[in-house]
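Descriptive structure summary
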Amino acid sequence: MNKNIKNIILSLIVGFVIGIITLLLQGILSVNLNFLANSGAVWSVPAFLLTFHFKMDKKFSIINCMTCFLGCVFGYYVFEAIKNGHSFIFEGYVVFWTGVAFVAGAIFGLGANFANTKNNWLKYCGINLLPAVFISEGLSHLIHIDSYIHMVGAIVLKILIGLILYFVMNKNASFKKKNLLCTLLIIALGTIGFEILFH
């Protein structure tokens, strides 16, 4: 079997399992941790890191990332249907999150591909996409803090995770001007995206 196909199948399985785990965690975690577990930014971690690790070309990077996100979505909703004893129906939230999976898959797939390129602006944008999405989501919630006042802990944790990821992924290059500028740009665009998507 083609190596790219094997990687895509693995990403689908990982995504499906993460979708199931997300649903299970929602039933046992506190409000703040539940809010974090149900975050789209969390689902972007395996999708991005698997694609980054596989070092695929642009086309397969996008397909692989989309597949992982779709696995998360269908793992969550199929298991939710089984758990609650009703039929799985492709409508409403399932359709919405399927659409988000395709868009996010294209963005993070390209980002993972760019992150594997030589030192240029695209590499800096790609490698900082994952940290920026956590910070962006956290900032978007801060803008509407009145609606999330009971989840301040989770919001702070999201931003903190984003900052930690930034320093872990950039290491000694964390304070390079290009890195910082690219990250700030993606955070701004990401915050706007979250505002459009959820508010």
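Because the structure is a prediction, the values reported are computed rather than measured. (Residues numbered from 1 in each chain as written. Predicted model: local features only at pLDDT ≥ 70, side-chain atom pairs only at ≥ 80, totals over all residues. Heavy atoms only, no water.)

1. Side note on the overall build of the protein
The helix and strand inventory of the protein stands at nine helices and zero strands. When the elements of the protein are put in sequence order from the N terminus, they spell out α-α-α-α-α-α-α-α-α. Taken against the 2.2 N^0.38 rule, which gives 16 Å for 199 residues, the C-alpha radius of gyration of the protein at 17 Å falls within 12% of a compact globule. The principal-axis extents of the C-alpha atoms in the protein amount to approximately 55 × 50 × 25 Å. Here the protein holds 199 residues, and the buried ones make up 44% of them. Taking as baseline every contact in the protein between residues at least 6 positions apart, the subset at least 24 positions apart corresponds to 72%. Carbon and sulfur atoms provide 73% of the accessible area of the protein, an area that totals close to 10500 Å². With 13 positive and 6 negative side-chain charges, the protein shows a spacing of 24 Å between the two charge centroids. (Helix = DSSP H or I, 4+ residues; strand = E, 2+ residues; numbered from the N terminus. Rg over C-alpha atoms; globule rule 2.2 N^0.38 Å. Buried < 20%, exposed > 50% of the residue type's maximum accessible area, 1.4 Å probe, protein only. Contact = heavy atoms within 4.5 Å. Areas by Shrake-Rupley, 256 points an atom, 1.4 Å probe, with all protein chains shown as cover. Lys, Arg positive; Asp, Glu negative; His and termini not counted. Charge placed at Lys NZ, Arg CZ, Asp CG, Glu CD.)

2. Things to note about the environment of Phe102
Tracing the chain through its elements places Phe102 in helix 5 (residues 93-115). The exposure class of Phe102 is partly exposed, given its relative accessible area of 41%. When the C-alpha positions of Phe102 and Thr117 are compared, they lie 23 Å apart, and in sequence the two are 15 residues distant. Once you skip the residues sitting within four places of it in the chain, Phe102 turns out to touch Met66 and Leu70.

3. A few points about the nonpolar core
The biggest cluster of nonpolar side chains holds 35 residues, and the ones touching the most others in it are Trp43, Phe48, Phe69, Phe108, Leu130, Val133 and Phe134. Those elements that provide at least two residues to this core are helix 1 (3-26), helix 3 (40-54), helix 4 (58-83), helix 5, helix 7 (129-143) and helix 9 (177-198). Counting residues per element, this core draws most heavily on helix 4, at nine residues. Leave out the neighbours within four places in its chain, and Phe134 touches Ala41, Val42, Val45, Lys158, Ile159, Ile161, Gly162 and Leu165. Judged by nonpolar contacts, the second largest core, of six residues, contains Phe35, Tyr148, Ala154 and Ile159. (Core = buried A, V, L, I, M, F, W, Y, C linked by side-chain atoms within 4.5 Å.)

4. So, the side chain of Ser61
You can see Ser61 is positioned in helix 4. Of the residues examined, Ser61 reaches a relative accessible area of 0% and is grouped as buried. At 3.2 Å, the side chain of Ser61 forms a polar contact with the backbone oxygen of Met56. (Polar contact = N/O pair within 3.5 Å; in protein donor to acceptor, adjacent residues only side chain to side chain.)

5. What about the packing of helix 1 against helix 3?
Each pair of packed helices can be summarised by the angle the axes make with each other and by the distance between the axes. The contact between helix 1 and helix 3 brings their axes to 10 Å, and the two run at 165°. With respect to their mutual orientation, helix 1 and helix 3 come out roughly antiparallel. You can see that helix 1 and helix 3 cross each other, and the crossing is right-handed. Mapping the contact onto sequence places Asn7, Leu10, Ser11, Val14, Ile18, Gly19 and Thr22 in helix 1 and Trp43, Pro46, Leu50 and Phe54 in helix 3. The residue makeup of the contact of helix 1 with helix 3, split by class, is seven nonpolar, four polar and no charged. (Axes fitted to C-alpha atoms, helices over the stretch in contact; angles between N-to-C directions. Parallel < 35°, antiparallel > 145°, perpendicular 65-115°, else oblique. Left-handed = near helix turned anticlockwise from the far one by under 90°. Nonpolar A, V, L, I, M, F, W, Y, C, P; charged D, E, K, R; others polar.)

6. Some points on a nonpolar patch on the surface
Taken together, Leu33, Leu157, Leu160, Leu163, Ile164, Phe167, Val168, Phe175 and Leu180 make up a surface patch of nonpolar side chains, about 820 Å² in accessible area. Top contributing element to the nonpolar patch by residue count: helix 8 (residues 152-170), with six residues. Locating Val168 in the fold gives a position in helix 8. (Patch = residues over 30% accessible without salt bridge, like charges linked within 9 Å, V, L, I, M, F, W, Y side chains within 5 Å. Salt bridge = Lys/Arg side-chain N within 4 Å of Asp/Glu carboxyl O.)

7. Focus: the layout of surface pockets
Taken as a whole, the largest pocket spans an internal volume of roughly 960 Å³. Secondary structure elements with two or more residues in the lining of the largest pocket: helix 3, helix 4, helix 5, helix 7 and helix 9. (1 Å grid on protein atoms, 1.4 Å probe; cavity = no way out; pocket = protein on both sides within 12 Å on 5 of 7 lines; lining within 4 Å. Points joined across faces, edges and corners; volume = space filled by probe spheres on them.)

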